[in-house]
Amino acid sequence: MISTNSVTVRTTSFCYNFHSSIIWSRAKKVNKYFSLGQKKFLTNFPISIIISKRMGEFILKNRPWGHWTVLFEDEGLKVKELVIEAGQSISYQKHYHRSELWFVSKGHCNVLHTVGTPEQPKIYRLKPHDTFSVGLEDWHKAYNPTDKPCHIIEIQYGSECVEEDIERFNYR
């Protein structure tokens, strides 16, 4: 656990790395500087809201390919950690009401991605600290060809960030 005067953060592998990298200040609960991996950000992103609003309320869902954990949720925004186990993949999918930004925090993965029709996707290879942007209605699939889990921080944003906003395509 990480503690300050009024904030205690329950840690998971992601949360520990993420929250321990926040620059704490006694005058202010949290400065607007934070880092993901080796990248540092100055932002208006509501880090203090993530810490105070969702304390200890992480939702973990197991899936055949691994699991995901909701780290933060607000209107038009959801932050998740996806853990894709070795040799596994999420479905080939698209969303009608949200876009996504992926940040690889640990491990490696490949992403199939195409705009328009799902056929003939491009393959992108991602390593730690790489980011990938998935636009509205883009077909996408992350898969882990390695022998170690891949951790992805997924930021969903749009008019609806719900699990039902998904269309899947059978692609191997």
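Use the structure listed above.
Fair warning: this is a prediction, and the values are worked out from it, not measured in the lab. (Residues numbered from 1 in each chain as written. Predicted model: local features only at pLDDT ≥ 70, side-chain atom pairs only at ≥ 80, totals over all residues. Heavy atoms only, no water.)

A look at the environment of I123
Right, so step 1: Its place among the elements puts I123 in strand β11 (residues 122-126).
Right, so step 2: Classification of I123 as partly exposed rests on a relative accessible area of 48%.
Right, so step 3: The sequence separation of I123 and A142 amounts to 19 residues, and the corresponding C-alpha distance is 9.7 Å.
Right, so step 4: When near neighbours in sequence (up to four residues on either side) are disregarded, I123 contacts N110, V111, L112 and Y143. (Helix = DSSP H or I, 4+ residues; strand = E, 2+ residues; numbered from the N terminus. Buried < 20%, exposed > 50% of the residue type's maximum accessible area, 1.4 Å probe, protein only. Contact = heavy atoms within 4.5 Å.)

Topic: the nonpolar core
Right, so step 1: The biggest cluster of nonpolar side chains holds 16 residues, and the ones touching the most others in it are W102, C109 and I152.
Right, so step 2: Setting aside residues no more than four positions away along its own chain, W102 makes contact with I90, V111, D130, T131, F132, V134, H140, A142, I152, I153 and E154.
Right, so step 3: Counting residues in each nonpolar core, the second largest holds six residues, with L71, L77, V79 and F103 among its members. (Core = buried A, V, L, I, M, F, W, Y, C linked by side-chain atoms within 4.5 Å.)

Digging into the side chain of T69
Right, so step 1: In this structure, T69 sits in strand β6 (residues 66-74).
Right, so step 2: The residues contacting T69, other than those within four sequence positions of it, are F58, I59, L60, V79, K80 and E81.

Some words on the side chain of H151
Right, so step 1: Following the sequence through the fold, H151 ends up in strand β14 (residues 150-158).
Right, so step 2: Looking at H151, the relative accessible area reads 10%, which means it is buried.

Re the pairing of β14
Right, so step 1: The sheet contact formed by strand β7 (residues 77-84) and β14 spans eight bridges and is antiparallel. The partner of I84 across the bridge, within β14, is C150.
Right, so step 2: Pairing of strand β9 (residues 98-106) with β14 involves eight bridges; the strand directions are antiparallel. In the sheet register, W102 faces β14, and the bridge partner there is E154. (Pairing = 2+ DSSP bridges.)

Side note on the packing of aromatic side chains
Right, so step 1: Using the criterion set out here, one finds five aromatic pairs in the structure.
Right, so step 2: With centroids separated by 6.3 Å and ring planes inclined at 35 degrees, the aromatic side chains of W102 and F132 adopt a geometry described as tilted. Highlighted residues: W102 in strand β9 and F132 in strand β12 (residues 131-134), separated in sequence by 30 residues. Across this residue pair, the class does not change: W102 and F132 are buried. (Phe/Tyr/Trp six-rings, centres within 6.5 Å; stacked < 30°, edge-to-face > 60°.)

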